Amino acid sequence: MLLGLRLVARRPILVSFEQKGTLTSTMSTTTAPQPRPFRLALIQMGGITTDKAKNLAHAKYLILKASKPEAGEKPGIVVLPECFNSPYGHVHFPNYAEKIGFMGRDAYDVAKSESESVQMLSAAAKEAGIWLIGGSIPERAEDGHLYNTSTIYSPSGDLVAIHRKVHLFDIDIPGKITFKESTTLTGGSQLTHVDTDYGRVGIGICYDVRFPEMAMIAARNGCIAMVYPGAFNLTTGPLHWELLQRARAVDNLIYVSMCSPARDMTAEYHAWGHSTIVDPMGAVIATTGHEEAILYADIDPNRITEARAGIPVTIQRRFDVYPDVSA
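Residues numbered from 1 in each chain as written. Predicted model: local features only at pLDDT ≥ 70, side-chain atom pairs only at ≥ 80, totals over all residues. Heavy atoms only, no water.

All right, on to the overall build of the chain then. Looking only at helices and strands, the chain has six helices and 16 strands in total. Over its C-alpha trace the chain gives a radius of gyration of 18 Å, about what one expects of a compact globule, namely 20 Å for 327 residues. Its C-alpha atoms give the chain principal-axis dimensions of roughly 50 × 45 × 45 Å. The 327 residues of the chain split such that 54% are buried. When contacts within the chain are restricted to residue pairs at least 6 apart in sequence, those whose partners lie at least 24 apart make up 67%. As displayed, the chain has an accessible area near 13,700 Å², and 52% of this comes from carbon and sulfur atoms. Here the chain carries 31 positive and 34 negative side-chain charges, and the mean point of each set is 2 Å from the other. (Helix = DSSP H or I, 4+ residues; strand = E, 2+ residues; numbered from the N terminus. Rg over C-alpha atoms; globule rule 2.2 N^0.38 Å. Buried < 20%, exposed > 50% of the residue type's maximum accessible area, 1.4 Å probe, protein only. Contact = heavy atoms within 4.5 Å. Areas by Shrake-Rupley, 256 points an atom, 1.4 Å probe, with all protein chains shown as cover. Lys, Arg positive; Asp, Glu negative; His and termini not counted. Charge placed at Lys NZ, Arg CZ, Asp CG, Glu CD.)

It is worth spelling out the pattern of salt bridges at this point. Using the criterion set out here, one finds 14 salt bridges in the structure. Across the salt bridge formed by Arg 164 and Glu 139, the nearest N and O atoms sit 2.9 Å from each other. Note that Arg 164 is positioned in strand β7 (residues 159-164) and Glu 139 in strand β5 (residues 137-140), a separation of 25 residues in sequence. Here Arg 164 and Glu 139 have matching classes, each one buried. The partner of Arg 246 in a salt bridge is Glu 242, with the nearest N and O atoms 3.5 Å apart. (Salt bridge = Lys/Arg side-chain N within 4 Å of Asp/Glu carboxyl O.)

Turning to the pairing of β7, a few remarks are in order. Counting buried positions along β7 yields six of six residues, so the element is predominantly enclosed. Summarising the sheet, strand β6 (residues 146-153) and β7 pair through five bridges and their orientation is antiparallel. By the bridge assignment for β7, Ser 150 is matched with His 163. (Pairing = 2+ DSSP bridges.)

Here the chain averages 91 in pLDDT, while 91% of its residues score no lower than 70. In this model, residues 11-29 is a region of pLDDT below 50 whose contacts with residues beyond four sequence positions or in other chains number 48 contacts. (pLDDT = per-residue confidence, 0-100.)

This part is about the packing of aromatic side chains. Scanning all chains against the criterion turns up eleven aromatic pairs. On the basis of an interplanar angle of 65° and a centroid distance of 4.6 Å, the ring pair of Tyr 88 and Tyr 269 is categorised as edge-to-face. Of this pair, Tyr 88 sits in the loop between β3 (77-79) and α2 (93-96) while Tyr 269 sits in the loop between β13 (255-259) and β14 (276-278), and the two are 181 residues apart along the sequence. The class for Tyr 269 is buried, based on a relative accessible area of 12%. A ring pair is formed by Phe 232 and Trp 241, whose centres lie 5.1 Å apart and whose planes are at 70°; its orientation type is edge-to-face. On the basis of relative accessible area, Trp 241 is assigned to the buried category, the value being 2%. Here the aromatic cluster, defined as three or more aromatic residues joined through ring pairs, consists of Tyr 88, Phe 93, Phe 169, Phe 179, Tyr 207, Phe 211 and Tyr 269. The cationic tip of Arg 39 hangs over the ring face of Tyr 296; the distance from NZ or CZ to the ring centre is 4.4 Å. The ring centre of Tyr 147 lies 4.1 Å from the NZ or CZ of Arg 164, which sits over that ring. (Phe/Tyr/Trp six-rings, centres within 6.5 Å; stacked < 30°, edge-to-face > 60°. Lys NZ or Arg CZ within 6 Å of the ring centre and 35° of its normal.)

Here you go:
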């Protein structure tokens, strides 16, 4: 049995838990909801400063703006970028970390939350009437560990899931970039799949996209899309940002998207930008440059069915030759 999978239904239901506030869950036999078409919106947020209150106010403004496009239908799911409420950097994470206290076994009381970011995101999701993948924020857990955490909300404003970044961004490219999230952060220990009104969606954060097992497990458990808030840099961005999204999409014949902050050359960390949405055949169906922007794409589950009928890898795998990572 696969351990460490968090499955969240359209109502906040998790499978099993350990004591002392550490979430764990096992593979669920719950059938994924019937997918239906929807519009996905990515917010490539700019103007992220050292002032958290201003960052939160700007994020809320953009969420409400994204929910009322000038053309086309209202999006069903809206996504913010990684670390939208603070500067990105291991020196900043401890100073901006918030206690969330999401356990999942009971309904989460947003009104009593110690997290000002959670309170804003919940209010914005409810006001906009959308599913909201709230980028990520630094989280301080009850045991004192820090995590890079995405929070996910229903259209009623309920916090229904969190995803703690599993794979920490620890890289060293000589002469280019050295970065170690593990200086202050701890990696999460679960995968997260959320059942929305439009189907099951897998959540990852940035560096998680480099590990194909996460997307494989999501796809084989009924996810129609993987969504990754992320912040690649000016070294890895041009090389791998689009490539990895297209690879994960083609590997699994699902939709894949990554939502970046806008680039700010006055900041310590220079994000690549270029938020992108890729279809199940690996075609880029929406992207942008590096400035602040909101981009939209229509997600059609029939494209998944068509892709898998034409290239039937989902029924051609040889688990007698190699193991099934989702088993």
